[in-house]
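What the coordinates show
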Amino acid sequence: MTERRTEVLAVLGKLADAWNDGDAAAYASLFTEDADYVTFFGMNMPGRAVIESAHRSLFEGLLKGSKLVAGSGEPKVRFVRPDVAIVVSGGGSSVSGGDKPEPGRESTLTYVLVEEPDGWRVASFQNTRVSDPAASAA
């Protein structure tokens, strides 16, 4: 594993740690000031301040005590430039504190990370729930 890939994946680990600690400020600090955070509902939360505020509400309410957990498979990391990485990975949340995403909570996650003077930050994030189109068409 290259050093840069390791650095990028470490940011994802820090995101999970901050989520699992219910720390909205630490979670949001891993995003660029002008980041776009697109939820699985398709809502865009623009900017670090909005990301922090929204996650503070979630961590104190609906998702209090939830855990951010990895999905199956290794994250795909692609550097489009030395200072820009795209990561596609599986993951989701567990509201019961388990180590796997609960049914209906598994997602495909896409991150665009940029290297800033103080380290890698997420500039864009997209959360897409995994679903079976054939089942929903029935």
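Up top is the structure these notes are about.
The structure reproduced in this document is the subject of the present report. Just so we're clear, the structure is a prediction, and the values are computed from it rather than from any experiment. (Residues numbered from 1 in each chain as written. Predicted model: local features only at pLDDT ≥ 70, side-chain atom pairs only at ≥ 80, totals over all residues. Heavy atoms only, no water.)

Structural notes on the overall build of the protein
Just so we agree on the cut-off: Only DSSP runs of H or I covering at least 4 residues are called helices, and only runs of E covering at least 2 are called strands; the numbering of each starts at the N terminus. In this description the radius of gyration comes from C-alpha coordinates, and the expected globular size is given by 2.2 Å times residues to the power 0.38. Burial classification: accessible surface area is computed with a 1.4 Å probe over protein chains only, and a residue below 20% of its type maximum counts as buried, one above 50% as exposed, and the rest as partly exposed.
Looking only at helices and strands, the protein features four helices and seven strands. Counting from the amino terminus, helix and strand elements in the protein follow one another as α-α-β-β-α-β-β-β-β-β-α. The globule rule puts the C-alpha radius of gyration for 138 residues at 14 Å, and the 15 Å found for the protein is close to it. Seen through its principal axes, the protein has C-alpha atoms that stretch 45 × 30 × 25 Å. The buried share of the protein, reckoned over its 138 residues, is 36%.

Section: the pairing of strand S6 (residues 106–116)
Keep this limit in mind: Strand pairing follows a simple DSSP-based rule, namely that at least 2 bridges must link the two strands.
Here nine bridges tie strand S5 (residues 84–94) to S6, and the two strands are oriented antiparallel to one another. Each bridged residue has a counterpart across the sheet, and for Gly92 the counterpart in S6 is Glu106. Relative to strand S7 (residues 119–129), S6 runs antiparallel, the two sharing ten bridges. Counted as the bridge partner of Tyr111 is Phe125 from S7. Hairpin remark: S6 followed by S7, antiparallel, with two residues in the connecting loop.

Some remarks on the packing of aromatic side chains
Filter applied, for reference: Only rings of Phe, Tyr and Trp enter the pairing, Trp through its six-membered ring, and a pair is recorded when the two centres are within 6.5 Å. The plane angle decides the type: under 30 degrees is stacked, over 60 is edge-to-face, the rest tilted.
If you walk through the whole model with that rule in mind, you get ten aromatic pairs. A ring pair is formed by Tyr37 and Phe125, whose centres lie 4.5 Å apart and whose planes are at 40°; its orientation type is tilted. Here Phe125 lies in strand S7 and Tyr37 lies in strand S1 (residues 31–38), a separation of 88 residues in the sequence. Taken as a pair, Tyr37 and Phe125 share a single burial class, namely buried.

Thoughts on a nonpolar patch on the surface
Keep this limit in mind: Excluding any residue in a salt bridge, patches collect residues exceeding 30% relative accessible area, merging like charges within 9 Å and nonpolar Val, Leu, Ile, Met, Phe, Trp and Tyr side chains within 5 Å. Throughout, the Shrake-Rupley method with a 1.4 Å probe supplies accessible areas, and for residues the shown protein chains are the sole cover considered. For this analysis, a salt bridge means a side-chain nitrogen from Lys or Arg found within 4 Å of a carboxyl oxygen belonging to Asp or Glu.
Residues Phe40, Phe41 and Met43 make up a contiguous nonpolar surface patch of about 360 Å² in total accessible area. With respect to the helices and strands, Phe41 occurs in the loop between S1 and strand S2 (44–46). Looking at Phe41, the relative accessible area reads 71%, which means it is exposed.

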